[in-house]
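# Descriptive analysis of the structure
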Amino acid sequence: MTYREALRLALREELARDERVFVMGEEVGVFDGAYKVTAGLLDEFGPDRVRDTPISEEGFVGAGVGAAMLGERPVVEIMTLNFLLVAMDQVVNHAAKIGAMFGGQVRCPLVIRTPNGAGNQLTAQHSQSFDQYFAHVPGLKVVAPATPADAKGLLKSAIRDDDPVLVLENLRIYTEKGEVPLDPEHLTPIGRARVARQGRDLTIVAHSYAVVRALAVAEKLARERGLEAEVIDLRSLRPLDMETVAASVAKTNRALCVEEGWPTYGVTAELAARVQHACFDDLDAPVERLGMAEVPLPYAKSLETAALPNEARLERAALATLELVPA
Amino acid sequence: MSRRAPAPPAPPAQALAEPASLEPWTLLAPDGTLAEGYRPSLSDEELLAAFRLMLLSRTVDQRAFSLQRQGRLGTFSTVEGQEASVVGSAFALDPARDWVVPQYRELPAMLRQGYPLTRFFLYFRGHPIGNQMPEGVRVLPFQISLAAQIPHAVGLAWGLRQQGSDAAVMTYFGDGASSEGDAHEAMNLAGVRRAPVVFLLQNNGWAISTPVAKQTAAQSFALRAPGYGFPGVLVDGNDLFAVHEAARWAVERARAGEGPTLIEARTYRLGPHNTADDPTRYVDPDELRARRELDPIVRVRAYLRARRLLSEAEEEQLRSQLMDEVNAAVAEAEAHPAADRRHIFEHVYADPPPRVRAQRERATAGEEVR
């Protein structure tokens, strides 16, 4: 099953399980969603459970907060992560804070799901991965599945969670295939990382599409150089599972942190800080970081590829972490 | 040479209209006949130039669509069906002083302001130069982020006033964008500050697959204007003359310091939302067929024929000229050297910080960007 189908299955199962769950957003009904995640759900569940909205992100994210306060389980689709900037106040100042500000009397079981990422020539304003803007905020949970199984398991966990959860999907993974547990009660716990590949020489820490890249590079390093990289798929950015990361670095003594977005103040910055603290005595080399070039993403295909943390750059960064090429 | 007609009466501001009686203002009927007593303020020469631009736009749509399908152009939105809205309004502007602030479906307005067609093709081939305006071309680049250009237009209009200019700013957006907070906030600000801006809302019936009835419960977008303290006008957006007269009136108001105007040009998107969309999945074919009958180009053509301003043979010749013009622009764009990796780092910082400088140096040396 593809990542996209796994998300759809999660939505269908949760819509069927709990009548408080409803889906809303731009083009989610008749159009099946901008990236077809909600295909068929309008026919199956009707317009009260699958609601098309006007193009008013701040409005319908805010309405999601309101419905969630009443105990409904809204699942808001934002066409791409970039458009969530328009609703930032509702996410940061309201969804994330309402539980605390009302002394725990009301919860905000809101799910926002949205694809992020680059690689489809969608240019500077529509290709971003600013996951850290959201992972920065106490009160929000942020998950970023890299496999179809976790796409299903994490989205279901998010819908059942009593706190607001941002589910970061990724444009490039929608078509990736993988085994998906069909048990409707199978959940992926929020806040637990996964060892995606075992290794002894180096730990590569990644999330979302960077995991797919990291696995490809790890296979290449094994094939061509006999180097075994361990790949950690974070799955959750907040809460962050440092135990799994630290256990891996204690084993390999070297860490490369990768993200699709800009590294300055990014997810890899947070990871590097935590790894050096947790693994100070284990490290044989400085923690390396890799992300996108520090520029707005170009439109031309060749330039877009060059700016992203592509496999060639990732391989070079891995070799630098192993001190086999200059840093 | 045609006689200059006296200025027509101001279009009916919907401020005073009963919602139930809202009908778009029309001056050119679908059969090409003029409303009784109306004499266009466009001269015959201007009218022929406007028709030429409408046809050029349609030619670009067709050529660009086929290039996109061949992988020679990125995703873009066609103008098809909205030529009267865009061209009629653009012809109310003086390119030597007025500004166009587009969304992404207003290429002909940009061309009239002096944006070179070659740059359109360069832009959708991924060249940064495609979004650069030649000196003196008063157009902001395509805005892909929905509705974000509307506040920019208000600020631009303020800036022009502050610089002592009597210029007007025409900003375009659609029925979908009207639901964004930016649209509301920009219109309110413009009203409060009497900014010299014309809000040209092209209601083309669709926001991707969302029909206008799911975008607003109101009977007209023009009705919003009184709430902001300025007039709103509802015009037939497939009527070149009605759009032009309404825009002309609004531009005059802006110049005279009377503040903004909202024009709802009610038109119809005959093509897809963009080249990644398949409207056959959600548009009723009968509706589309009926709307094709109201094609704005057909209407102007009927008028031109009746006035004997352009014969069938002359139009044939014009079409072939336009095709040559478009092909030349495509050839020029395709001959442009491929973008260089160093371009990634250009125009980000005037004085790049050390990290960006180091990345640029590596890229220049042909190494991987790190």
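Residues numbered from 1 in each chain as written. Chains lettered and ligands numbered in written order. Predicted model: local features only at pLDDT ≥ 70, side-chain atom pairs only at ≥ 80, totals over all residues. Heavy atoms only, no water.

### Observations regarding the overall build of chain A
Note the threshold: By the criteria applied, helices consist of DSSP H or I runs no shorter than four residues and strands consist of E runs no shorter than two, each listed in order from the N terminus. Here's how the labels work: a residue is buried when its accessible area is under 20% of the maximum for its type, exposed when over 50%, partly exposed in between, all with a 1.4 Å probe on protein chains only. Throughout, a contact is declared for two residues whenever any of their heavy atoms are within 4.5 Å.
Per the secondary structure count, chain A includes twelve helices and twelve strands. When the backbone C-alpha atoms are referred to their principal axes, chain A occupies close to 60 × 45 × 40 Å. Buried residues in chain A amount to 62% of all 327 residues. In chain A, 81% of the contacts between residues at least 6 apart in sequence involve partners at least 24 apart.

### Describing the nonpolar core
Counted only if it meets this: Buried Ala, Val, Leu, Ile, Met, Phe, Trp, Tyr and Cys residues form a nonpolar core when they are joined through side-chain atoms within 4.5 Å.
In terms of nonpolar packing, the biggest core is built from 73 residues, with Tyr115(B), Leu117(B), Phe120(B) and Phe121(B) touching the most fellow members. At ten residues, helix 1 (residues 44-69) of chain B tops the list of elements feeding residues into this core. Those residues in contact with Phe120(B) that sit more than four places away from it in its chain are Val60(B), Ala64(B), Phe76(B), Leu107(B), Tyr115(B) and Phe142(B). Grouped together as the second largest cluster of nonpolar side chains are 54 residues, Met79(A), Phe130(A), Met242(A) and Ala255(A) included.

### Regarding the pattern of salt bridges
Residues and elements named next belong to chain A. Applicable threshold: Think of a salt bridge as a Lys or Arg side-chain nitrogen and an Asp or Glu carboxyl oxygen that are within 4 Å of each other.
Taken as a whole, this structure holds 49 salt bridges over all chains when the rule is applied. In this structure, the salt-bridge partner of Asp 162 is Arg 73, at a minimum N-O distance of 2.6 Å. With a gap of 89 residues between them, Asp 162 in the loop between helix 7 (148-160) and strand 6 (165-170) and Arg 73 in strand 3 (residues 73-77) connect regions that are remote in the sequence. For Asp 162, a relative accessible area of 41% translates into the label partly exposed. In this structure Arg 73 comes out as buried when scored by relative accessible area, which is 8%. In this structure, Glu 228 engages Arg 197 in a salt bridge whose closest nitrogen and oxygen atoms are separated by 3.0 Å. Linking Glu 228 in the loop between helix 8 (209-225) and strand 9 (229-233) with Arg 197 in strand 7 (residues 194-197), this pair joins segments that are 31 residues apart in sequence. Under the relative-accessibility criterion, Glu 228 is labelled partly exposed at 22%. Taking relative accessible area as the criterion, Arg 197 reaches 12% and is therefore assigned buried. One continuous salt-bridge network, built from bridges that share partners, spans Glu 13, Glu 14, Arg 17, Lys 152, Lys 156, Arg 160 and Glu 185.

### What to know about the layout of surface pockets
Cut-off, in case you're wondering: Only protein atoms enter the 1 Å grid used here, on which a cavity is any set of points holding a 1.4 Å probe that cannot leave and a pocket is any open set flanked by protein within 12 Å on both sides along at least five of seven lines; residues with an atom within 4 Å of a point are listed as lining. Grid points are joined across faces, edges and corners, and a volume is the space filled by probe spheres set on the points.
Roughly 750 Å³ of internal volume is contained in the second largest pocket. Lining the second largest pocket are 29 residues, with Ala124(A), Leu297(A), Tyr123(B), Pro128(B) and Asn131(B) sitting closest to its centre.

### A closer look at the packing of aromatic side chains
The description of two aromatic rings rests on the distance between their centres and on the angle between their planes. To be explicit about the condition: Paired rings are identified among Phe, Tyr and Trp, the last through its six-membered ring, by centres lying within 6.5 Å, and are further divided according to the angle between planes into stacked (under 30 degrees), edge-to-face (over 60) and tilted (the rest). Charge over a ring is defined by NZ of Lys or CZ of Arg lying within 6 Å of the ring centre and within 35 degrees of the ring normal.
In this structure the tally under the stated criterion is 21 aromatic pairs over all chains. Summarising the aromatic geometry, the rings of Phe76(B) and Phe120(B) are spaced 6.2 Å apart at their centres and angled 90° between planes, so their arrangement reads as edge-to-face. One end of the pair, Phe76(B), is in the loop between helix 1 and helix 2 (83-90); the other, Phe120(B), is in helix 4 (residues 117-123), and 44 residues separate them in sequence. The exposure classification of Phe76(B) matches that of Phe120(B), with both residues buried. Through successive ring pairs, a cluster of aromatic residues spans Tyr299(A), Phe76(B), Tyr115(B), Phe120(B), Phe121(B), Tyr123(B), Phe124(B) and Phe142(B). Over the ring of Phe91(B) we find Arg112(B); its NZ or CZ atom is 4.3 Å from the centre of that ring. Here Arg253(B) stacks its cationic end above the ring of Trp249(B), 5.6 Å away from the centre of that ring.

### What to know about the packing of helix 1 of chain B against helix 11 (residues 312-335) of chain B
All names here are of chain B. For clarity, the cut-off: Here the axes come from fitting lines to C-alpha atoms, over the contacting stretch only for helices, and the angles between their N-to-C directions go from 0 to 180 degrees. Angles are sorted into four bins: roughly parallel if under 35 degrees, roughly antiparallel if over 145, roughly perpendicular if 65 to 115, and oblique for all others. Crossing handedness: left-handed means the near helix sits turned counterclockwise from the far one by under a right angle, and right-handed means the same turn made clockwise. Charged residues are taken to be Asp, Glu, Lys and Arg, nonpolar residues to be Ala, Val, Leu, Ile, Met, Phe, Trp, Tyr, Cys and Pro, and polar residues to be all remaining types, Gly included.
It is at 9 Å that the axes of helix 1 and helix 11 come closest, and there the two elements cross at 50°. Between helix 1 and helix 11, the angle falls in the class oblique. Where helix 1 crosses over helix 11, the two elements pack in a sense that is right-handed. Residues Phe 51, Arg 52, Leu 55, Leu 56, Thr 59, Val 60, Arg 63 and Leu 67 of helix 1 touch helix 11, and the partners they reach there are Glu 315, Leu 318, Arg 319, Gln 321, Leu 322, Met 323, Glu 325, Val 326, Asn 327, Val 330 and Glu 334. Counted by class, the contact of helix 1 with helix 11 contains ten nonpolar, three polar and six charged residues.

### Some details on the domain arrangement of chain A
When the parts of a complex come together, some accessible area is lost, and that lost area is often taken as the interface size. Residue and element names in this part refer to chain A. Stated precisely, the cut-off is as follows: All domain edges in this entry derive from an automatic or database-based domain assignment. As used here, buried area is the combined drop in accessible area, with a 1.4 Å probe, of two parts when they are placed together. Think of a polar contact as two N or O atoms within 3.5 Å of one another; within protein, one of them needs to be a possible hydrogen donor and the other a possible acceptor, and neighboring residues in sequence only count if both atoms come from side chains.
Segmentation of chain A into domains returns domain 1 (3-173) and domain 2 (194-321). Between domain 1 and domain 2 the total buried area reaches about 2300 Å² when both faces are included, carbon and sulfur atoms providing 55% of it. Sorting the residues of domain 1 by area buried against domain 2 places Gln 121, Gln 132 and Arg 172 first, and these three jointly supply 23% of that buried surface. For the interface between domain 1 and domain 2, the tally reads two salt bridges. Remark: the boundary between domain 1 and domain 2 carries 13 residue pairs in polar contact (both at pLDDT 80 or more).

### Considerations on empty space enclosed by the protein
Sizing a probe to match a water molecule and rolling it over the atoms shows the empty space that remains. Residue and element names in this part refer to chain B. Applying the stated criterion across every chain yields a total of one cavity of 30 Å³ or more. A volume near 70 Å³ is recorded for the largest cavity. Along the wall of the largest cavity there are 13 residues; nearest its centre are Asp 61, Ser 77, Val 79, Leu 107 and Phe 120. A class-by-class count of the residues in the lining of the largest cavity yields eight nonpolar, two polar and three charged.

### Points about the sheet that holds strand 9 of chain A
Strand pairs in the sheet, formed through backbone hydrogen bonds, run parallel or antiparallel to each other. Residues and elements named next belong to chain A. Applied cut-off: Strand pairing follows a simple DSSP-based rule, namely that at least 2 bridges must link the two strands.
Across the sheet, which stays open at both edges, the five strands sit in the order 7-9-8-11-12 with mixed pairing between neighbours. Since the sheet does not close on itself, it has two edges, and those belong to strand 7 and strand 12 (288-290), each with one partner. Strand-to-strand, the axes of this sheet are offset by a mean angle of 25°, without reference to chain direction. Each of strand 7, strand 8 (202-206), strand 9 and strand 11 (255-258) touches helix 8; the most contacted strand, strand 7, lies at about 45° to it. Running at roughly 160° to strand 11, helix 10 (residues 267-278) makes contact with strand 8, strand 11 and strand 12 of the sheet.

### Here we look at the side chain of His273(B)
Residues and elements named next belong to chain B. Relative to the helices and strands, His 273 resides in the loop between strand 7 (261-266) and helix 9 (285-292). Since its relative accessible area comes to 13%, His 273 is described here as buried. Non-local contacts of His 273, meaning those with residues more than four positions away in its chain, are made with Ser 77, Tyr 104, Arg 105 and Ile 208.

### As for the sheet that holds strand 2 (residues 50-52) of chain A
Residue and element names in this part refer to chain A. Judged by pairing direction, the sheet is mixed, and its seven strands sit side by side in the order 2-1-3-4-6-5-10 without closing on themselves. Two strands bound the open sheet, and with one partner strand each, they are strand 2 and strand 10 (236-238). Neighbour-to-neighbour, the strand axes of this sheet turn through a mean angle of 20°, independent of strand direction. Relative to strand 6, strand 5 (residues 141-143) runs parallel, the two sharing three bridges. Residue pairing in the sheet places Val 143 in a bridge with Val 167 of strand 6. Seen against the sheet, helix 3 (residues 57-69) touches strand 1 (21-25), strand 3 and strand 4 (111-116) and runs at an angle of roughly 165° to strand 3.

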